[in-house]
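# Structure assessment
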Amino acid sequence: MTFIEKLSAAWEKSNSLLCVGLDPDMNRFPEYLRGKPDSIYTFCRGIVDATADLVCAFKPQIAYFHAARAEEQLEAICAYIREQYPDIPLILDAKRGDIGATAQQYAREAFERYNADAVTLSPYMGFDSIEPYLEYRERGAIILARTSNPGGSDLQFLKVSESGKDIPLYQHVAHLVAEKWNVHGQCAMVVGATFPHEIAEVRTIIGNMPLLIPGIGAQGGNVEATVSAGKTADGTGMMINSSRAILYAGIGENENYAAISRRAAMMTRDEINRYRQESGSD
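What comes next is a walk through the structure.

Moving on, we get to the sheet that holds strand S4 (residues 118–121). In spatial order, the strands read S2-S1-S10-S9-S8-S5-S4-S3; together these eight strands make up an open sheet with parallel pairing. Across the chains shown, the open sheet's two edge strands, defined by having one partner strand only, are strand S2 (57–60) and strand S3 (91–96). Each strand axis lies, on average, 30° off the axis of its neighbour in the sheet, ignoring direction. For strand S1 (residues 18–22) and S2, the ladder comprises four bridges, and the chain directions are parallel. Bridge pairing in S2 links Cys19 to Ala57. The strands touched by helix H10 (residues 223–230) are strand S9 (211–213) and strand S10 (238–242); relative to S10, the strand with the most contacts, the crossing angle is about 160°.

A few words on helix H4 (residues 71–84). Under the 1.5 Å per step criterion, the end-to-end length of H4 is 20 Å for 14 residues, consistent within 8% with the ideal 20 Å. Where H4 is concerned, the buried positions are Gln73, Leu74, Ile77, Cys78, Tyr80 and Ile81. For H4, the angular spread of the buried residues around the axis is 155°, confining them to a single face. Summarising the geometry of H4, the exposed residues directed more than 90 degrees from the buried face are Glu72 and Glu83. Buried residues along H4 sit against S1, helix H2 (39–51), S2, helix H3 (62–67) and S3.

Relative to the helices and strands, Ser148 is located in the loop between strand S5 (140–146) and helix H7 (153–156). Not counting chain neighbours up to four residues away, the residues in contact with Ser148 comprise Gly192, Thr194, Phe195, Pro214, Gly215 and Gln219.

Okay, the pattern of salt bridges next. One pass over the full model with this rule turns up 12 salt bridges. Asp117 is paired through a salt bridge with Lys6; the nearest N and O atoms lie 3.1 Å apart. Taken together, the residues Asp117 in the loop between helix H5 (100–113) and S4 and Lys6 in helix H1 (residues 3–14) connect sequence positions 111 residues apart. Of the residues examined, Asp117 reaches a relative accessible area of 6% and is grouped as buried. A relative accessible area of 8% places Lys6 in the buried class. Note that Lys13 and Asp87 form a salt bridge whose closest N and O atoms lie 2.9 Å from each other. A residue pair is termed long-range when its members are at least 10 positions apart, and Lys13 in helix H1 and Asp87 in the loop between H4 and S3 qualify at 74 residues. The network of salt bridges with common partners includes Lys6, Arg82 and Asp117.

Moving on to the packing of H2 against H4. Put simply, H2 and H4 touch, their axes get as near as 9 Å, and they point 25° apart. The angle between the axes of H2 and H4 places the two elements in the roughly parallel class. Of the two possible hands of crossing, H2 and H4 adopt the one that is right-handed. Note on element contacts: H4 touches H2 through Gln73, Ala76, Ile77, Tyr80 and Ile81, opposite Ser39, Ile40, Tyr41, Cys44, Arg45, Val48 and Asp49. A class-by-class count of the residues in the contact of H2 with H4 yields eight nonpolar, two polar and two charged.

The next thing to look at is the pairing of S10. Of all five residues that make up S10, five are buried, and the element is covered over most of its length. Neither face of S10 is exposed, since Met238, Ile240 and Ser242 on one face and Met239 and Asn241 on the opposite face are all buried. Sheet topology note: the S1/S10 ladder contains three bridges and is parallel. Bridge pairing in S10 links Leu18 to Ile240. As judged from the three bridges shared by S9 and S10, these two strands associate in the parallel manner. Of the residues in S10, the one forming a bridge with Leu211 is Met238.

Conventions adopted
Residues numbered from 1 in each chain as written. Predicted model: local features only at pLDDT ≥ 70, side-chain atom pairs only at ≥ 80, totals over all residues. Heavy atoms only, no water. Pairing = 2+ DSSP bridges. Helix = DSSP H or I, 4+ residues; strand = E, 2+ residues; numbered from the N terminus. Axes fitted to C-alpha atoms, helices over the stretch in contact; angles between N-to-C directions. Contact = heavy atoms within 4.5 Å. Expected span 1.5 Å × (residues − 1). Buried < 20%, exposed > 50% of the residue type's maximum accessible area, 1.4 Å probe, protein only. Arc of directions from axis to C-beta. Salt bridge = Lys/Arg side-chain N within 4 Å of Asp/Glu carboxyl O. Parallel < 35°, antiparallel > 145°, perpendicular 65-115°, else oblique. Left-handed = near helix turned anticlockwise from the far one by under 90°. Nonpolar A, V, L, I, M, F, W, Y, C, P; charged D, E, K, R; others polar.

Honestly, that's just the spatial picture; any functional story needs more than this.
So this is what it looks like as structure tokens:
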């Protein structure tokens, strides 16, 4: 099963567009986990078990693990998700962007070491920085277009001439991915929930290609505007990510943290679904 097929099946099975990001910050862990050698794995496993029936994907953020010298715990949580919840897509949030042999090694890391279903990528260095990932035909390449951070406008809104008119760079990237790079039908794109107008613009360009949408929760993106701008005709098409607002909803609650995170995930899932229904979706 390809990444796109697995994601489509997950949307239907879970009736959810929610993606839970795994961004483990040990300074925010429950007190009883702090100082334990496997605390990152234990914390993330608790979140995964508590929210697995509420999500369409999990998204570990590689920097949180690497900065804590916890690569083995990242391998372990990826393996746990694949073994215990094989129907849920696993997205490695790495935002890689290099060329040639280096890109090949990053692709091996994502798809062979961590066995991810998809990986986030930066397009700044062009198609040859993306191509090594596309050689893994059953895996996904999720390419940054319009990111959720304010500084993204420094580059993403620069004008590019295309077909006789000037368009923002993020739209040019969307055209490249949809019309040239998605040769095996395995690409998706990142557009931030903090920019619903841009979500709608990218949706127009890429058709039914999936969108990974960060920026709700702690970053303040509006759920209603996000769903309205990004949904496809069948009410899917999106992986709407929330990380900190779910992971740390139970901060200070010690052993009860996962139950409170579940409650936060359920509320987010239900809010997303409410706006899908109000706009005529399934």
